[in-house]
Amino acid sequence: MTDNTLELTPNIVSSFLRKRPESFTKADIIEFIRSYGVKMVNFMYPAEDGRVKTLNFFINNLEYLNTILSQGERVDGSSLFPSFVEAGSSDLYVMPRFRTAFIDPFCEIPTLAMLCRFYDKDGKPFECDPYRSVLKAAQVFREKTGMSFEAMGELEYYVITDESTLFPGSDQKGYNESGPFAKLNWFRAECMEYVARTGGMIKYGHSEVGNFTRDGKTFEQNEIEFLPCPIETAADQILLAKWAIRNLGLRHGLDVTFAPKIIVGEAGSGMHIHMRIMKDGVNQMVSRGKLSDTAKRAIAGMMELAPAITAFGNKNPTSYFRLVPHQEAPTNICWGDCNRSTLVRVPLGWTTGVNMCADANPLEINGPENADASGKQTVEMRSPDSSADIYQLMAGLCTACLHGLEMPVDKALGIAREKYAGLDIHKEGAIDRYEALPSCCWESAEWLESSREFFERDGIFPRRMTDGIIEALKSFNDKGMLSDTVKDDSKVAELVKRYFYCG
């Protein structure tokens, strides 16, 4: 980082040490703890349920601090990963990742928090640690293509508060709404500040489409979107963002849910993932101002493996209440430019070459031409939601794009042509041309079973992990549930309540 960047960073540890987080060492962490007056250290890590777990350490002395930073601690793996770890051999080590260090903004006692990796009894990386899978996926992608895979998430969620009769919001018209018709923009702004303190690199935030009232409560949908970065970092940011937003909700007496669907007929909350492929600092998704063949081949891989990707990105029965027509959520396997009815969308990428700044601001007419903005071009997978295991999801998307790049070029580009949709697929019968996404966890599990070789190749997803994911999805026993349940409001309400705080 430059000095100016360090002055602006909201991450207190980075600002204090005047170092980029990826450069943090154990010595840096100890220096910060001693100089900043830190009293406690928290080890944090994701479990199979998608939530952050925490282990607290009170710092007794320097020797003890050095021990936990050097040797980690042991935890019960069978409680954290019941689908992957048996109680008969359940102990795992957790080791802190120094680059993730941040001051916990919710602790009154000065507390340093760090995300952790898992290791088995032999001191080797735990093969079913989702973080290991995303690291392995990124490594294999680099080795096989000579390029790097980056991503960023769009995190959607509802905030629930008592209904106000003043300036009521319009039903399903909340997109980018300002106050006073959106009542909770102040809360989103505070969430963005706290997420940034944990290391989250935020692009922007805004109110989303969902805006409705029920039983004296107002439900307002919000979104926070991040900047592109390595996929393991992108996953960390999403994990900690949900943790921070929930804690702020509790602090202010506001209920928050990331559930994919809370009421049939109202907008659901997705967790769209944008991706780009980089080489030597240049975005490979664009060529001569247009979507590149590299991007189209990566999209082809996602088209082929899309049904199985739902096994990572749509992890409970209410996920499939969201994937229905006319709710700005995908239903079929296709892609298109700026097309929100498709599974994969290619958003605007600043490739016009027009100096829009000068047009909007006449005083800038003699200013410099537009800088190269090709780095902004991404492609967006729209099926996932916050029930996802974010690490498995990032690893799965990276693997799918690699699959497309490993296909014969003509085959991949042919798939891209065949799956391209240039209009709203829900109009004029266009939907019939494209295969439907799975409609339940059971179907997602079956698709993962049939496609597992692609994900297990190169050891990205170990067989034990794939087996565990399949078993967990099938345990919902929800085959045919979507068509039966949506006709019964009481069944929908029961499922929504059960998975209201998922992920």
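Everything here concerns the structure above.
This write-up is about the structure you can find in this document. (Residues numbered from 1 in each chain as written. Predicted model: local features only at pLDDT ≥ 70, side-chain atom pairs only at ≥ 80, totals over all residues. Heavy atoms only, no water.)

## Side note on helix α6 (residues 130-145)
Between its first and last C-alpha, α6 extends 23 Å over 16 residues, near the 22 Å set by a 1.5 Å rise per residue. By the burial criterion, the buried members of α6 are Pro130, Tyr131, Arg132, Ser133, Val134, Ala137, Ala138, Val140 and Phe141. Contacts made by the buried residues of α6 are with β6 (111-119), β7 (148-162), α8 (231-252), β12 (273-279), α12 (390-406) and α15 (463-474). Where α6 starts, the residue carrying a side-chain oxygen 3.0 Å from the main-chain nitrogen of tyrosine 131 turns out to be aspartate 129. (Helix = DSSP H or I, 4+ residues; strand = E, 2+ residues; numbered from the N terminus. Expected span 1.5 Å × (residues − 1). Buried < 20%, exposed > 50% of the residue type's maximum accessible area, 1.4 Å probe, protein only. Contact = heavy atoms within 4.5 Å. Polar contact = N/O pair within 3.5 Å; in protein donor to acceptor, adjacent residues only side chain to side chain.)

## Observations concerning the nonpolar core
If you look at the biggest cluster of nonpolar residues, it comprises 130 residues, and the most contacted ones within it are Leu112, Ile245, Met275 and Met302. A per-element tally of this core places helix α9 (residues 293-313) first, with 12 residues. Excluding its chain neighbours within four sequence positions, the residues that come into contact with isoleucine 245 are Leu155, Tyr157, Phe187, Cys191, Val195, Ile224, Val256 and Phe258. Formed by 15 residues, the second largest nonpolar core is a distinct cluster that contains Tyr158, Ile262, Phe500 and Cys502. (Core = buried A, V, L, I, M, F, W, Y, C linked by side-chain atoms within 4.5 Å.)

## Brief notes about α12
Under the 1.5 Å per step criterion, the end-to-end length of α12 is 24 Å for 17 residues, consistent within 8% with the ideal 24 Å. The element α12 is largely enclosed, with a buried count of 16 among its 17 residues. You can read the cap of α12 off the contacts: a side-chain oxygen lies 3.1 Å from the backbone nitrogen of tyrosine 391, and it is on aspartate 389.

## Quick look at the pattern of salt bridges
As enumerated under the stated definition, the model contains 23 salt bridges in all. Note that glutamate 193 and arginine 197 form a salt bridge whose closest N and O atoms lie 2.8 Å from each other. Of this pair, glutamate 193 and arginine 197 are both found in helix α7 (residues 185-197), 4 residues apart, which corresponds to roughly one turn of the helix. For glutamate 193, a relative accessible area of 39% gives the class partly exposed. We classify arginine 197 as partly exposed; its relative accessible area is 24%. In this structure, arginine 214 engages glutamate 266 in a salt bridge whose closest nitrogen and oxygen atoms are separated by 3.0 Å. Of this pair, arginine 214 sits in strand β8 (residues 202-214) while glutamate 266 sits in the loop between β11 (255-257) and β12; the two residues are 52 residues apart in sequence, bridging distant segments of the chain. (Salt bridge = Lys/Arg side-chain N within 4 Å of Asp/Glu carboxyl O.)

## Considering the packing of α6 against α8
Where α6 contacts α8, the axes come no closer than 9 Å and their chain directions differ by 150 degrees. One element, α6, and the other, α8, form an angle in the roughly antiparallel class. In this structure, α6 uses Tyr131, Val134, Leu135 and Ala138 to contact α8, whose residues at the interface are Ile231, Glu232 and Asp236. Among the residues forming the contact of α6 with α8, the class breakdown is 5 nonpolar, no polar and 2 charged. (Axes fitted to C-alpha atoms, helices over the stretch in contact; angles between N-to-C directions. Parallel < 35°, antiparallel > 145°, perpendicular 65-115°, else oblique. Nonpolar A, V, L, I, M, F, W, Y, C, P; charged D, E, K, R; others polar.)

## Focus on the pairing of strand β9 (residues 217-226)
Burial of β9 is extensive: 9 of the 10 residues sit out of reach of the surface. Here β7 runs beside β9; their pairing, made up of 9 bridges, is antiparallel. Directly across from tyrosine 157, in β9, lies its bridge partner asparagine 222. Taken together, the 9 bridges between β8 and β9 define a ladder with antiparallel strand orientation. (Pairing = 2+ DSSP bridges.)

## Quick word on the packing of aromatic side chains
In this description, a pair of aromatic rings is defined by centroid distance and the angle of the planes. Here the structure, examined in full by the defined rule, presents 24 aromatic pairs. On the basis of an interplanar angle of 75 degrees and a centroid distance of 5.8 Å, the ring pair of tryptophan 186 and phenylalanine 187 is categorised as edge-to-face. Tryptophan 186 gets classed as partly exposed once you look at its relative accessible area, which sits at 43%. Residue classification places phenylalanine 187 among the buried residues on the basis of a relative accessible area of 0%. The rings of Tyr45, Phe81, Phe84, Phe118 and Phe126 are connected pair by pair, giving a single aromatic cluster. Positioned above the aromatic ring of tyrosine 131 is the side chain of arginine 97, whose terminal nitrogen or guanidinium carbon lies 3.7 Å from the ring centre. One residue, arginine 197, lies across the ring of tyrosine 194, its end atom 4.3 Å from the ring centre. (Phe/Tyr/Trp six-rings, centres within 6.5 Å; stacked < 30°, edge-to-face > 60°. Lys NZ or Arg CZ within 6 Å of the ring centre and 35° of its normal.)

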